[in-house]
Amino acid sequence: MPTARSPSPTGTPAEALGVLRAACRRWRELAAPYEAAKVGVLLAQAYRALDDDDAAARELTAAEAVFARLGATPTSSTSPPCGTVRPCRAA
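Quick notes on the rules
- The residue numbers shown here count from 1 along each chain, following its written sequence.
- Per-residue local features are limited, in this predicted model, to residues with pLDDT of at least 70; the limit for side-chain atom pairs, both in listing and counting, is 80 or more; totals at the level of whole chains, interfaces and linings are taken over all residues.
- Note that the side-chain values use all heavy atoms of the structure and ignore hydrogens as well as water.
- The way it works is that DSSP assigns letters per residue, a run of H or I at least four long becomes a helix, a run of E at least two long becomes a strand, and they are numbered from the N terminus.
- Classification of residues uses two cut-offs on accessible area relative to the type maximum, computed with a 1.4 Å probe and protein chains only: under 20% is buried, over 50% is exposed, and between them is partly exposed.
- Pairs of residues are marked as contacts when any of their non-hydrogen atoms sit within 4.5 Å.
- For every residue, the predictor assigns a confidence score, pLDDT, that lies between 0 and 100.
- Buried residues of nine kinds, namely Ala, Val, Leu, Ile, Met, Phe, Trp, Tyr and Cys, make up a nonpolar core once their side-chain atoms join them within 4.5 Å.
- How far a helix is expected to stretch is found by multiplying one less than its residue total by 1.5 Å.

Peer 1: Even after reading the chapter, I still don't get the overall build of the protein chain, so can you show me in this structure?
Peer 2: Across its full length, the protein chain carries three helices and zero strands. When the helices and strands of the protein chain are read in sequence order from the N terminus, they spell out α-α-α. Looking at the protein chain as a whole, 27% of its 91 residues qualify as buried. The long-range fraction of contacts in the protein chain, counting pairs at least 24 apart against all pairs at least 6 apart in sequence, stands at 60%.

Rendered as structure tokens:
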């Protein structure tokens, strides 16, 4: 299983982008779409933190499409907090 060195808690969203992109690429190379989509949600959060709403929306839309295709949902650790990428929907 690939592991990516996590950015430090004091790291910036910009620093996280490179690590997250590499992790996403590795999961795709390993044909692990669910894991790649989870990283896509994290990428969306990083882009949102950088005020790049277009990139955040693209990443989140792609991740949601994978989750839907797999009949899966992201884990709570990769689910975007309310208001960070898209508004929360009532359950």
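What follows continues from the structure just given.
Peer 1: In this structure, what is going on with the confidence of the model for the protein chain? I would like to understand it.
Peer 2: When pLDDT drops low, the exact placement of atoms in the prediction is not to be read closely. Within the protein chain, residue pLDDT values average 80, and 69% of them lie at 70 or more. Below a pLDDT of 50 lies the segment residues 81-91, which in the model reaches 15 contacts outside its immediate sequence neighbourhood of four places, other chains included.

Peer 1: Looking at this model, I keep getting lost on the nonpolar core. Mind explaining?
Peer 2: The tendency in soluble globular proteins is for nonpolar side chains to be buried side by side. Leu20, Val39, Leu43, Tyr47 and Phe67 are the most contacted members of the largest nonpolar core, which totals 22 residues. Those elements that place two or more of their residues in this core are helix H1 (13-29), helix H2 (33-49) and helix H3 (53-70). Once you skip the residues sitting within four places of it in the chain, Val39 turns out to touch Leu20, Ala23, Cys24 and Trp27.

Peer 1: Is there a simple way to explain H2 in this structure?
Peer 2: Residue pairs spaced three or four apart in an α-helix point in one direction, given the helix's 3.6 residues per turn. If you check H2, its first and last C-alpha atoms are 24 Å apart, about what 17 residues at 1.5 Å a residue would give, namely 24 Å. Along H2, the residues classified as buried are Tyr34, Ala36, Ala37, Val39, Gly40, Val41, Leu43, Ala44, Ala46 and Tyr47. Next to the buried residues of H2 lie H1 and H3. The first or second residue beyond H2 is Asp51, which carries a positive phi of 60°.

Peer 1: Help me understand unusual backbone geometry, please; the structure alone is not making it clear to me.
Peer 2: Negative phi values dominate among residues other than glycine, just as trans dominates among peptide bonds. Although it is not a glycine, Ala31 sits at a positive phi angle of roughly 55°. Relative to the assigned elements, Ala31 resides in the loop between H1 and H2.

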